[in-house]
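Chain by chain, the residues run as shown.
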Amino acid sequence: MKLSRRTILQGAASVPFALASLRTGALAQTAPGTELPPILFVHGNGDYGALWITTLWRMESNGVARDRMMAINFTDPLARNDDKVEQAGRSSTEDQRRELAAAITELKRRTGAPRVALVGSSRGGNAIRNVIKNGGAGDVSHAVLCGTPNHGVFATDDQPNNEFNGRGTFLRSLNEGESEVTPGVAFLTLRSDGMDKFAQSDGRFIGKPGTPTNVTAQGPELKGATNMVLGALDHREVAFHPRAFREIYKFIAGSEPARIAIVPETSVRLSGLVTGTPGGVPTNRPVAGATVDVFRVDPDTGERKGGALYSSKTGSDGRWGPAQVDPAWSLEFVLTSPDAPTTHIYRSPFPRSSEVVHLRPARPLGPADKDAGAVVIMSRPRGYFGLPRDVVLLDGKEPADVKPGVPTDAAATLRLPASEVGRNIVAQFGEERIVARTWPASENRIAIAELTY
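All figures in this text were calculated on a predicted structure; none of them were measured in a lab.

Caption draft 1: Focus on the overall build of the protein. In terms of regular secondary structure, the protein is built from six helices and 22 strands. Against the globule reference of 22 Å for 453 residues, the protein gives a C-alpha radius of gyration of 21 Å, in line with a compact fold. With respect to the three principal axes, the spread of C-alpha positions in the protein is 65 × 55 × 40 Å. Taking all 453 residues of the protein together, the buried fraction comes to 58%. Accessible surface, the protein as shown: approximately 17,600 Å² in total, 51% of it carbon and sulfur. The average position of the 53 basic charges and that of the 49 acidic charges among the side chains of the protein differ by 3 Å.

This is the structure:
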């Protein structure tokens, strides 16, 4: 496939590894002769495979079989400060290359396909390029890099072993030569038109205000790739937004998706992995001995409608589920995990089944919470809150801790006095509305209204 070097401006609306696989869906499969290659989705720095859940649902809604898709969980998803120096709970570029190569081998084995398509968000694109450049090109048909800092988050002469330094050893090795892509693999990059916090000329978003980064909004582009601009989407939205899904699907399938909307199933089964944040570092290592309880809640009040629909304790593999739910039900997941706050996670209805409903407990209560009777967090894992771009309301007000301008915040926190324990809190982002209940911080409990879209 011959790729142009154009940039297309598009508008946009405002185990050493753990793999999440998906079984055959209810929709008709793609017609014979037009089947897509198997697709492996690769998350970014500190993240997990659960972020791809809406993308997976949209793929299924276009006839892609669940068993031809995977979403990897890197064991230790957070990058080292120095790629050459071991750091507890963090991974090197070689760690990620090795785990991704193993995942590709597994997906090929399961499907019998000669090659797979790779789709990566942010740091996930670094692993994809590393695999392809270092022996894996023959296993990969397509590479879609979404918001990947291909020329660095910064490009300076210090920190030569930082993975995100455009002048550092790692990225220079990937970018050497006239073309920055590997022949024989079709490359697509998706980027923001100035709203990606990791593609900014000023260092204020990496803790160095007023210092030039030597990186621009064009940083995610690659010479030799098809490069697309998705308007005013943020760093995560260029991977997980419906607009991004359209381009991912079209590039791999060679045609427009039949639909962007997610088609609901009549019956939904949910399961996933419980992980933790030891020492404040997010990992995808399984947590044993965690209890997961799932309740149906009233969408208008957040109050439980009866007893637990599902309840169990995780074993050594950290897996929970499956829980059988209705696609119209709003849900509360109660995660009781060792050495962590009891976390009440409120979610919008799940329209389709998923095995990537991964759960991590909330961060421990800290000094800022010492006088709070209740703590409620509004979380958006698949994007950031953009003000004034978005409608963002927590308990009827724009959150004070969400900064305006370039979207940088994926969570907002509300702290309430003890007299407010037991009431409901409305979290609103665009058209998605979640009602959570407040729980006593004195009992080491935190509520999270976790947005799906």
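Caption draft 2: Region of interest: the side chain of Thr189. Positionally, Thr189 belongs in strand β7 (residues 186-191). Under the relative-accessibility criterion, Thr189 is labelled buried at 0%. At 2.6 Å, the side chain of Thr189 and the side chain of Asn227 are in polar contact. If we skip the residues at most four places from it in the chain, Thr189 touches Leu145, Asn150, Pro220, Glu221, Leu222, Ala225, Thr226, Asn227 and Met228.

Caption draft 3: Summary view of the environment of Val42. Among the structural elements, Val42 can be located in strand β3 (residues 39-42). The buried category is assigned to Val42, whose relative accessible area is 0%. Taking C-alpha positions, Val42 is 13 Å from Asp76, a pair spaced 34 residues apart along the chain. Not counting residues up to four positions away in its chain, the partners in contact with Val42 are Trp52, Ile72, Phe74, Leu100, Val119, Gly120, Ser121, Gly124 and Ile128.

Caption draft 4: Quick peek at the pairing of strand β11 (residues 268-273). Taking burial as the measure, the six residues of β11 include five buried ones, the bulk of the element. Here β11 runs beside strand β14 (residues 319-325); their pairing, made up of five bridges, is antiparallel. Note on β14: the bridge partner recorded for Gly272 is Trp320.

Caption draft 5: Summary view of the pattern of salt bridges. For the coordinates displayed, the defined rule picks out 36 salt bridges. Glu237 is the salt-bridge partner of Arg380, the closest N and O atoms lying 2.9 Å from each other. One end of the pair, Arg380, is in the loop between β17 (374-379) and β18 (392-394); the other, Glu237, is in helix α5 (residues 237-240), with 143 residues separating them in the sequence. Comparing Arg380 with Glu237 shows no difference in burial state: the two are buried. Here Glu237 ties to Arg389 by a salt bridge, and the two come within 2.8 Å at their closest N and O atoms. With Glu237 in helix α5 and Arg389 in the loop between β17 and β18, this pair connects stretches of sequence that are 152 residues apart. Overall, Glu237 belongs to the buried group, its relative accessible area being 2%. Classification of Arg389 as buried rests on a relative accessible area of 17%.

Caption draft 6: View of the nonpolar core. Core analysis: the largest hydrophobic core is formed by 53 residues, its most contacted members being Trp320 and Phe333. With sequence-adjacent residues up to four places away left out, Phe333 is seen in contact with Leu270, Asp293, Val294, Trp320, Thr343, His344, Ile345, Arg347, Phe350, Val357 and Leu359. Formed by 24 residues, the second largest nonpolar core is a distinct cluster that contains Leu100, Ala103, Ala127 and Phe187.

Caption draft 7: A look at the side chain of Asn284. Residue position: Asn284 is located in the loop between β11 and β12 (291-297). Asn284 sits in the buried class, given a relative accessible area of 3%. Residues contacting Asn284, with those up to four places away along its chain left out, are His43, Asp47, Tyr48, Asn73, Phe74, Thr75, Pro77, Leu273, Thr275 and Arg360.

Caption draft 8: Quick peek at the sheet that holds β18. Strand order in the open sheet formed by three strands is β18-β20-β21, and the pairing between neighbours is antiparallel. This sheet does not close on itself; its edge strands, each paired only once, are β18 and β21 (432-437). Going from strand to strand, the sheet's axes swing by 15 degrees on average, the running direction of each strand aside. Pairing between strand β20 (residues 424-429) and β21: six bridges, direction antiparallel. Within β21, the position partnered with Asn424 by the bridge is Arg437.

Caption draft 9: Spotlight on unusual backbone geometry. Cis rather than trans, the peptide bond between Gly321 and Pro322 has omega equal to 5 degrees. The residue Pro322 is located in strand β14 in this model. Note the cis peptide between Leu387 and Pro388, where omega equals 10 degrees. Structurally, Pro388 is set in the loop between β17 and β18. Look at Asn214: it is not a glycine, yet its phi comes out positive at around 65 degrees. By the element assignment, Asn214 lies in the loop between β9 (208-212) and β10 (226-229). Judged by relative accessible area, which is 48%, Asn214 ranks as partly exposed. Even without glycine at this site, Asn444 takes up a positive phi of about 60 degrees. Among the structural elements, Asn444 can be located in the loop between β21 and β22 (445-450). Asn444 gets classed as partly exposed once you look at its relative accessible area, which sits at 34%.

Caption draft 10: View of the environment of Arg363. Within the secondary structure layout, Arg363 lies in the loop between β16 (342-347) and β17. Assessed through its relative accessible area of 31%, Arg363 is described here as partly exposed. Each C-alpha atom of the pair Arg363 and Thr277 lies 7.6 Å from the other, and the pair is 86 residues apart in sequence. Here the side chain of Arg363 touches Asp369 through a polar contact of 2.7 Å, side chain to side chain.

What counts as what
- Residues numbered from 1 in each chain as written.
- Predicted model: local features only at pLDDT ≥ 70, side-chain atom pairs only at ≥ 80, totals over all residues.
- Heavy atoms only, no water.
- Helix = DSSP H or I, 4+ residues; strand = E, 2+ residues; numbered from the N terminus.
- Rg over C-alpha atoms; globule rule 2.2 N^0.38 Å.
- Buried < 20%, exposed > 50% of the residue type's maximum accessible area, 1.4 Å probe, protein only.
- Areas by Shrake-Rupley, 256 points an atom, 1.4 Å probe, with all protein chains shown as cover.
- Lys, Arg positive; Asp, Glu negative; His and termini not counted.
- Charge placed at Lys NZ, Arg CZ, Asp CG, Glu CD.
- Polar contact = N/O pair within 3.5 Å; in protein donor to acceptor, adjacent residues only side chain to side chain.
- Contact = heavy atoms within 4.5 Å.
- Pairing = 2+ DSSP bridges.
- Salt bridge = Lys/Arg side-chain N within 4 Å of Asp/Glu carboxyl O.
- Core = buried A, V, L, I, M, F, W, Y, C linked by side-chain atoms within 4.5 Å.
- Axes fitted to C-alpha atoms, helices over the stretch in contact; angles between N-to-C directions.

Take it as geometry only, folks, not as evidence of what the structure does.
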